[in-house]
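In case you want the letters, here they are:
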Amino acid sequence: MTVTGPQGFRAAGVAAGIKASGALDLTLVVNDGPLDVAAGVFTRNVIKAAPVLWSQEVLKQQRLKAVVLNSGGANAATGPGGFQDTHATAEKVAGVLEAGAIEVAVCSTGLIGERLPMDAVLSGVDTAVKALDASPEASLNAAKGVMTTDTKPKQAFAKHDSGWSVGGFAKGAGMLAPNLATMLSVLTTDAVVDKETLDRALRAATHITFDRLDVDGGTSTNDTVLVLASGASGVEPTEAELTELLTAVSHDLVLQLRADSEGATKDVDVTVRGAATEADAIAVARTIAEDNLVKTALFGSDPNWGRIAMALGRVPARIDPDAVSIAINGVTLFAQGVPAADRSEADLTGRAIEIVVDLGVGMSTATIYTTDLSHGYVEENSAYSS
């Protein structure tokens, strides 16, 4: 069990008819308490989808009874009508659960620029409420209900020795450079926690997990990570313990998202060490991870470190060319301004690739999780809306 692994949660994933394929396309997660504490992080894209605007507003009170999510349509760039659709969805869930609309978050994912088929959405809520359960099957269906180009559901769960736990699911396969969140993710915990602690723990966890995933540089209009706390375990962990477990589950989901990203044939860790600041380390690693020349070389298993040097050298960070070193899969290929080994010594034939750049000017470190750029990615995204 994942999202329903922690005590106090039920979930469902149903086929509401939003997708023409008849696949699962509407998910509902309900917090049965006794607590209803919640926190969330959202996209930094200026073009925010209606459900993001709604959920940001309701999360100001940091209380949630439920989250309703749909795939098959992003409800982004849909104007006032799209926001009304989101409000109507929250009102529907609230009415069926005998809660307030302000206690219901809404998430959507899919094609940008089209209104949702609201008859299907609203009737799907009724279907989902009837299917609510705490079983492993319910968890799995909930994870499937948010899939778009994903080929498999992403779920994770971890339990602390003292009896409380964290579970959750995520979706995302493209348009992944989250900037505070990921495509869509719902985390649950049965820990006893207050609003402020939960918010800090979530932000600390996402800062080094979801926010470090960068498949293609695309920050979605719909990116959302929510965490709901039921308090049903009766155990109150320390903030450090809560952050650690949230981070572990989030990291697990990030690696699953990367492994299933569109067209990926390589799982790439770009680590920058010796940076003057963490911001510099992140900026350098992200630039390397997003660079198309680097990504295509990785697709071809070509240890072309010159492309990495080019990419890092264009970042507005503190960089001393004579202090930089570049290693690929454990082989240092460039150091102190000159080649350090023949590039053929680095083996990139496997799926896992580790790029380590040491800037040699400080003590800060960051890792960005990315992929290569393949024919499959181009083909899938060239025809996404058609």
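Starting afresh in each chain, residues are numbered from 1 along the sequence in its written order. Totals for whole chains, interfaces and linings use all residues, but because this is a predicted model, local features are given only for residues with pLDDT of at least 70 and pairs of side-chain atoms are given and counted only at 80 or more. Side-chain metrics in this entry use all non-hydrogen atoms of the structure; hydrogen atoms and water are not considered.

Colleague: Tell me about the sheet that holds strand β5 (residues 104-109), residues and numbers included.
Modeller: Strand order in the open sheet formed by four strands is β1-β2-β4-β5, and the pairing between neighbours is mixed. This sheet does not close on itself; its edge strands, each paired only once, are β1 (9-14) and β5. For this sheet, the mean inter-axis angle between neighbouring strands, taken without regard to orientation, is 10°. Sitting on the sheet, helix α4 (residues 136-144) touches β1 and β2 (26-31), and the angle it makes with β1 is about 55°. Following DSSP output, two strands are said to pair if at least two bridges run between them. Only DSSP runs of H or I with at least four residues qualify as helices, and only runs of E with at least two residues qualify as strands; both kinds are numbered from the N terminus onward. With axes taken as lines fitted to C-alpha atoms, and helix axes fitted only over the stretch in contact, angles between N-to-C directions fall between 0 and 180 degrees. Here, residues are in contact when the closest pair of their heavy atoms is within 4.5 Å.

Colleague: Give me the lowdown on the pattern of salt bridges, citing residues and values where you can.
Modeller: If the charged atoms of two oppositely charged side chains come close together, the side chains can form a pair. A pairing counts as a salt bridge when a side-chain nitrogen of Lys or Arg comes within 4 Å of a carboxyl oxygen of Asp or Glu. Summed over the entire model, instances satisfying the criterion amount to 17 salt bridges. Between Glu 57 and Lys 60 there is a salt bridge, and its shortest N-O distance comes to 3.1 Å. Categorising residues by exposure relies on relative accessible area from a 1.4 Å probe, with only protein chains included: less than 20% of the type maximum marks a residue as buried, more than 50% marks it as exposed, and the intermediate range marks it as partly exposed. Accessibility expressed as a relative area gives 46% for Glu 57, which makes it partly exposed. Glu 239 is paired through a salt bridge with Arg 200; the nearest N and O atoms lie 2.8 Å apart.

Colleague: Got a sec to walk through the nonpolar core? Specific residues and values, please.
Modeller: The nonpolar core is taken to be a set of buried Ala, Val, Leu, Ile, Met, Phe, Trp, Tyr and Cys residues, with the residues joined through side-chain atoms within 4.5 Å. Core analysis: the largest hydrophobic core is formed by 48 residues, its most contacted members being Leu 26, Val 67 and Phe 169. Ranked by residues supplied to this core, first place goes to helix α3 (residues 118-131) with five residues. The contact partners of Val 67, leaving out residues within four places of it in the chain, are Thr 27, Leu 28, Val 29, Ala 105, Cys 107, Val 186, Leu 226 and Leu 228. Formed by 33 residues, the second largest nonpolar core is a distinct cluster that contains Ala 275, Ala 285, Ala 289 and Leu 312.

Colleague: Account for empty space enclosed by the protein, with residues named and values stated.
Modeller: Cavity and pocket criteria rest on a 1 Å grid covering protein atoms alone: a 1.4 Å probe that fits but cannot get out defines a cavity, protein on both sides within 12 Å along at least 5 of 7 lines defines an open pocket, and an atom within 4 Å of a point defines a lining residue. Grid points are joined across faces, edges and corners, and a volume is the space filled by probe spheres set on the points. A complete count under the given rule lists two cavities of 30 Å³ or more for this structure. Considered as a void within the structure, the largest cavity measures approximately 40 Å³ in volume. In terms of lining, the largest cavity is formed by Val 294, Ala 297, Leu 298, Asp 302, Pro 303, Asn 304, Trp 305, Arg 307, Ile 308 and Ile 328. Breaking the lining of the largest cavity down by element, the ones donating at least two residues are α8 (292-299) and α9 (305-313). Three classes are used, and their members are as follows: Ala, Val, Leu, Ile, Met, Phe, Trp, Tyr, Cys and Pro are nonpolar, Asp, Glu, Lys and Arg are charged, and the others, Gly among them, are polar. When the residues that make up the lining of the largest cavity are grouped by side-chain class, the tally is seven nonpolar, one polar and two charged. Asn 70, Asn 75, Asp 85, Thr 86, Thr 89, Val 106, Ser 108 and Leu 116 are the residues that line the second largest cavity. Among the elements that make up the lining of the second largest cavity, the one with the highest residue count is helix α2 (residues 79-97) (three residues). Considered class by class, the residues forming the lining of the second largest cavity number two nonpolar, five polar and one charged.

Colleague: Pulling in residues and values, what's your account of the layout of surface pockets?
Modeller: Estimates place the volume of the second largest pocket at around 180 Å³. Forming the walls of the second largest pocket are Ile 18, Lys 19, Gly 72, Gly 73, Gly 110, Leu 111, Glu 114, Arg 115, Leu 116, Pro 117, Thr 148 and Tyr 384. Across the lining of the second largest pocket, the residue classes break down as five nonpolar, four polar and three charged.

Colleague: Could you give an account of the packing of α2 against α3, with specific residues and numbers?
Modeller: Packing of α2 against α3 brings their axes to within 10 Å, and their N-to-C directions diverge by 25°. Relative to α3, the element α2 is oriented roughly parallel. With respect to the hand of their crossing, α2 and α3 are arranged in right-handed fashion. Taken together, the residues of α3 that come into contact with α2 (itself represented by Asp 85, Ala 88, Thr 89, Lys 92, Val 93, Val 96 and Leu 97) are Met 118, Val 121, Leu 122, Val 125, Asp 126 and Val 129. By residue class, the composition of the contact of α2 with α3 is nine nonpolar, one polar and three charged. Our angle categories are set so that under 35 degrees counts as roughly parallel, over 145 as roughly antiparallel, 65 to 115 as roughly perpendicular, and the remainder as oblique. Note on convention: the crossing is left-handed when the near helix lies turned anticlockwise from the far helix by less than a right angle, right-handed when the turn is clockwise.

Colleague: Could you give an account of the environment of Ala 204, naming the residues involved and the relevant values?
Modeller: Along the chain, Ala 204 turns up in helix α5 (residues 195-207). Spatially, the C-alpha atoms of Ala 204 and Ala 120 are 37 Å apart, while their sequence positions differ by 84 residues.

Colleague: Break down the sheet that holds strand β12 (residues 331-335) for me, citing the residues and quoting the values.
Modeller: Read across the open sheet, the six strands follow the order β13-β12-β11-β14-β10-β15; overall the sheet is mixed. The open sheet terminates on both sides in strands that have one partner only, identified here as β13 (338-339) and β15 (364-371). Here strand β11 (residues 325-328) pairs with strand β14 (residues 352-358) via four bridges, running antiparallel. Looking at β14, one finds that Ile 326 is bridged to Val 357.

Colleague: Would you mind going over the pairing of strand β6 (residues 154-159) in detail, with residue names and values included?
Modeller: Covered by surrounding structure in β6 are Lys 154, Ala 156 and Ala 158 only, the residues Gln 155, Phe 157 and Lys 159 on the alternate face being uncovered. For β6 and strand β7 (residues 165-171), the ladder comprises six bridges, and the chain directions are antiparallel. Among the inter-strand pairings, Ala 156 is bridged to a residue of β7, identified as Gly 168. Linking β6 back to β7 in an antiparallel pair, the connection comprises five residues, with Gly 163 at a positive phi of about 110°.

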